[in-house]
Amino acid sequence: MSVLWFVFRGNDLLLRKVDEGYDVPFSENPPCSLLPLEDVHTIHAIGENECKVFSVPSDYVPDGEMRFVSLRESYHYLPEEHYRAAGTAYQLLYWEDTSKYCSACGALMERLPANGKYCPECKREFWPRISPAIIVLVKRKEPNEPEKILLVRAHNFRGDFHGLVAGFLEVGESLEECVIREVYEETSLKIKNIKYFGSQTWPYPSGIMIGFVADYDGGEIVVQESELKSASWYTIDNLPKIPEKLSIARKLIDYWIDSFDVK
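Parameters at a glance
- Residues numbered from 1 in each chain as written.
- Predicted model: local features only at pLDDT ≥ 70, side-chain atom pairs only at ≥ 80, totals over all residues.
- Heavy atoms only, no water.
- Helix = DSSP H or I, 4+ residues; strand = E, 2+ residues; numbered from the N terminus.
- Buried < 20%, exposed > 50% of the residue type's maximum accessible area, 1.4 Å probe, protein only.
- Contact = heavy atoms within 4.5 Å.
- Areas by Shrake-Rupley, 256 points an atom, 1.4 Å probe, with all protein chains shown as cover.
- Lys, Arg positive; Asp, Glu negative; His and termini not counted.
- Charge placed at Lys NZ, Arg CZ, Asp CG, Glu CD.
- Expected span 1.5 Å × (residues − 1).
- Pairing = 2+ DSSP bridges.
- Phe/Tyr/Trp six-rings, centres within 6.5 Å; stacked < 30°, edge-to-face > 60°.

K.L.:
Explain the overall build of the chain to me, and be specific about the residues and the numbers.
P.N.:
What the chain contains, in helices and strands, is three helices and 16 strands. Dimensions of the chain along its principal axes, counting C-alpha atoms only, are 65 × 55 × 35 Å. Within the chain, the fraction of its 263 residues that count as buried is 43%. Residue pairs at least 24 apart in sequence account for 60% of intrachain contacts in the chain once pairs closer than 6 positions are excluded. As displayed, the chain has an accessible area near 14600 Å², and 49% of this comes from carbon and sulfur atoms. Placing the 29 positive and 41 negative side-chain charges of the chain at their respective mean positions leaves the two points 3 Å apart.

The following block contains the structure:
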């Protein structure tokens, strides 16, 4: 049976040349030398094809038919189902790499089914950690003015695009409370009518983005300089460069843009 092989060198994914570009290697045997068999993992199947995962040393050089690209860049090469599987594969390798030893007593961990880990010394069980974060599209509609959305430039953005307010959930906080806090902390704006939009796994390295839409409820923009370079209101006619389509930020913005087609 042929296998889809998700092979990582650090943060980079191995792709093989195919007729119309690149894809993950697909073959009965692994595309390069394996580490010990216990370091090969299996994730959910795609159709009737098994998906196996392993990593190679940082000095591994692929042959001429293959190349490494970053996980983010692989979005532009892979079918969506393969890109999503690559994200799952990377999160699994990240969990394996960061859970070798028990965080309570330091003993070497043992594997459990479904990617769990067990400490034979203190008997604790551990499972992959997912970091939840919110992201929110804030709309503003004033009388006799076109509707606007809030776009920001964060210090940690990769590229020159403008995106949406986002941030990690804090201990003891609901998702809605997190949305209100993050918008206020980063821009000093108040919001209302918070509605759930959707979610997206975010394997950079191991998170989930939970998207919301909200309405402006007052205040003037005061940028939190430790987090943002800028923040401003934009109409559909003067949008700056926005995130790529791989992100839920872009899905939220496209949702807002598409809403004008039905008015």
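That shown, we press on.
K.L.:
Any details on helix H1 (residues 80-98)? Residues and values, ideally.
P.N.:
Helix length check: H1, at 19 residues, gives a terminal C-alpha distance of 27 Å against a target of 27 Å (1.5 Å per residue), a fit within 8%. For H1, every residue scored as buried is listed here: His82, Tyr83, Ala85, Ala86, Gly87, Ala89, Tyr90, Gln91, Leu92, Leu93, Trp95 and Glu96.

K.L.:
Requested: an account of the sheet that holds strand E8 (residues 110-111), with residues and values cited.
P.N.:
On the basis of which strands lie adjacent, the open sheet formed by three strands has the order E8-E9-E10 and antiparallel pairing. Unpaired on one side and paired on the other, E8 and strand E10 (125-126) mark the two borders of the sheet. Here strand E9 (residues 117-118) runs beside E10; their pairing, made up of two bridges, is antiparallel. When the bridges of E10 are listed, Tyr118 appears paired with Glu125.

K.L.:
Pulling in residues and values, what's your account of the packing of aromatic side chains?
P.N.:
Under the counting rule described, the total for this entry stands at 11 aromatic pairs. Seen from their ring centres, Tyr75 and Tyr83 are 5.3 Å apart, and the 80° between their planes marks the pair as edge-to-face. Its relative accessible area of 10% is what places Tyr83 among the buried residues. Considering the side-chain rings of Tyr196 and Phe212, the 5.9 Å spacing of their centres and the 75° angle between planes classify their relative orientation as edge-to-face.

K.L.:
Explain helix H3 (residues 248-259) to me, using residue names and the numbers behind them.
P.N.:
With 12 residues, H3 should cover 16 Å at 1.5 Å per step; its first-to-last C-alpha distance of 16 Å lies within 8% of that length. Every buried residue belonging to H3 is among Ile248, Ala249, Arg250, Leu252, Ile253, Asp254 and Trp256, and all of these are buried. Of the surrounding elements, those touching the buried residues of H3 are strand E11 (131-140), strand E12 (148-154), strand E14 (190-202), strand E15 (207-218) and strand E16 (228-234).

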